[in-house]
Amino acid sequence: MAYVIPPMPTIGVPIHGSSDLFPVRRIYCVGRNYAAHAREMGGDPDREPPFFFAKPTDAIVVAADPANPVKLPYPLATKNLHHEMEMVVAIGKAGVNIPVDKALEFAWGYAAGLDMTRRDLQNAARDKGRPWDMGKGFDQGAPIGHLYPASRIGHPDKGEIKLDVNGKPRQKANLNELIWNVSETIFYLSGLVELGAGDLIYTGTPEGVGAVVKGDTLIGSVVGCGSVAISYV
Ligand code: MN
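None of these values were measured; they are calculated from a predicted model.

1. A closer look at the overall build of the protein chain
Okay, step 1: Helix and strand counts for the protein chain come out as five helices and 18 strands.
Okay, step 2: In terms of overall size, the protein chain behaves like a compact globule, its C-alpha atoms giving a radius of gyration of 17 Å where 233 residues would be expected to give roughly 17 Å.
Okay, step 3: The C-alpha extent of the protein chain, read off along each of the three principal axes, is 50 × 40 × 35 Å.
Okay, step 4: Looking at the 233 residues of the protein chain, the share that counts as buried comes to 51%.
Okay, step 5: Considering only contacts in the protein chain between residues 6 or more positions apart, those separated by 24 or more positions represent 77%.
Okay, step 6: In the structure as shown, the protein chain presents an accessible area of about 10900 Å², 54% of it carried by carbon and sulfur atoms.
Okay, step 7: Charge-centre separation for the protein chain: the mean point of 23 positive side chains lies 4 Å from the mean point of 25 negative side chains.

Laid out in structure tokens, this is it:
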């Protein structure tokens, strides 16, 4: 038996300091996981349970080198493309209904990522009670740096997450400001879907989101997890 069209290749994220790749299965994202960002989006930062959305796997763009940002075309159909700087968790084994106190056993590694967002499309969908997919799940909408194994760096739970645009600070926060930490996020998400080896979770962005335009260069980093670097052309 043969495929009638070429099958989609496996998307791989490089492991920092290695020639190995992490194969990506699904991409999940946490909405509003820093209080100040929840407020700036007009939401309530109280600890109501986290909510999730997804991006297509092939939205991944590997872009890890601040000295050589990956050039991306400005996305289709938007006039308000926002950056959301985030720490990304890579899930190393499958699990469902994972208890909080076991959750970090499922976190294989961590990366710096950007949950790029067509805010105009997202807001229009939100206002009509429609799905966010076209605001979030677009081509090249999930830039990511290299993965740093937890076996090497541990499980980051404090320290700086930041993003500069054209060399000027745009987002800056501390991972300890996450409303739902990595363990709690894995607990909640694995109660909604079975997590699989290869899943990525973008854990949410701190305050300071804003628009970028053609010509802008975005360089972000997460303590211990390297950088993500893109520019729009
Ligand atoms: Mn986000």
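2. Remarks on the nonpolar core
Okay, step 1: If you look at the biggest cluster of nonpolar residues, it comprises 41 residues, and the most contacted ones within it are Met116, Ile186 and Leu218.
Okay, step 2: Counting 19 residues, the second-largest nonpolar core is a separate cluster that includes Cys29, Ala142, Ile144 and Tyr202.

3. A few points about the coordination of the manganese ion
Okay, step 1: Bound to the manganese ion are the protein donor atoms Glu84 (OE), Glu86 (OE) and Asp115 (OD), situated 2.0 to 2.1 Å from the metal.
Okay, step 2: Read N to C, the donor residues that coordinate the manganese ion are spaced as E-x1-E-x28-D. Residue glutamate 86 is located in strand S8 (residues 85–91), and its partner aspartate 115 is located in the loop between strand S9 (107–114) and strand S10 (117–118); the two are separated by 29 residues in the primary sequence.

4. So, the confidence of the model for the protein chain
Okay, step 1: Here the protein chain averages 97 in pLDDT, and 100% of its residues register 70 or above.
Okay, step 2: Per-element mean pLDDT across the protein chain ranges from 87 in helix H1 (residues 35–40) up to 99 in strand S11 (residues 142–144).

5. Observations regarding the sheet that holds strand S17 (residues 217–222)
Okay, step 1: On the basis of which strands lie adjacent, the open sheet formed by five strands has the order S6-S18-S17-S13-S14 and mixed pairing. Edge positions in the sheet fall to strand S6 (70–72) and strand S14 (168–174), since each of these pairs with one other strand and no more. Adjacent strand axes in the sheet meet at a mean angle of 20° when their direction is disregarded.
Okay, step 2: In this structure, strand S13 (residues 160–165) lies alongside S17, joined through five bridges in antiparallel fashion. By the bridge assignment, leucine 163 is partnered in S17 with glycine 220.

6. Thoughts on the packing of aromatic side chains
Okay, step 1: Per the stated rule, a full pass over the model turns up six aromatic pairs.
Okay, step 2: Both rings, one in phenylalanine 51 and one in tryptophan 132, keep their centres 5.6 Å apart while their planes meet at 85°; by these two values the pair is edge-to-face. On the criterion of sequence distance, the pair formed by phenylalanine 51 in strand S4 (residues 51–55) and tryptophan 132 in the loop between helix H2 (119–127) and helix H3 (133–136) is long-range, its members being 81 residues apart.
Okay, step 3: Consider the rings of phenylalanine 53 and tryptophan 132, whose centres lie 5.4 Å apart with planes at 55°: the pair is tilted. With phenylalanine 53 in strand S4 and tryptophan 132 in the loop between H2 and H3, this pair connects stretches of sequence that are 79 residues apart.

What counts, and at which threshold
- Along each chain, the written sequence defines residue order, and numbers are assigned to residues from 1.
- Predicted model: local features are reported for residues with pLDDT of at least 70 only, side-chain atom pairs are reported and counted for 80 or more only, and whole-chain, interface and lining totals are derived from all residues.
- Hydrogens and water are ignored here; the side-chain numbers use all heavy atoms of the structure.
- Counting from the N terminus, the helices are the DSSP runs of H or I reaching at least four residues and the strands are the DSSP runs of E reaching at least two.
- Here the globule rule is a power law, 2.2 Å times the number of residues to the power 0.38, and the radius of gyration is based on C-alpha atoms.
- For every residue, the accessible area (1.4 Å probe, protein chains only) is compared with the maximum for its type, and the residue is labelled buried under 20%, exposed over 50%, or partly exposed between those bounds.
- By definition in these notes, contact holds between two residues if any of their heavy atoms fall within 4.5 Å.
- Residue exposure ignores everything except the shown protein chains as possible cover, and the areas themselves are Shrake-Rupley values with a 1.4 Å probe.
- Only four residue types enter the charge count: Lys and Arg as positive, Asp and Glu as negative, with His and the chain ends excluded.
- Charge coordinates come from a single atom per side chain, which is NZ of Lys, CZ of Arg, CG of Asp or CD of Glu.
- Each nonpolar core is a collection of buried residues, namely Ala, Val, Leu, Ile, Met, Phe, Trp, Tyr and Cys, held together in the definition by side-chain atoms within 4.5 Å.
- Because no water is among the atoms considered, metal sites can look incomplete, with donors defined as N, O and S atoms within 2.8 Å of the metal, or 3.2 Å for Na, K and Ca.
- Per-residue confidence from the predictor is reported as pLDDT, which spans 0 to 100.
- Any two strands with at least two DSSP bridges between them are considered paired.
- For helices, the fitted line uses only the C-alpha atoms of the stretch in contact; every axis is such a line through C-alpha atoms, and the angle between N-to-C directions lies from 0 to 180 degrees.
- Here a pair means two rings of Phe, Tyr or Trp (six-membered ring of Trp) with centres within 6.5 Å. Their orientation is stacked below 30 degrees between planes, edge-to-face above 60, and tilted elsewhere.

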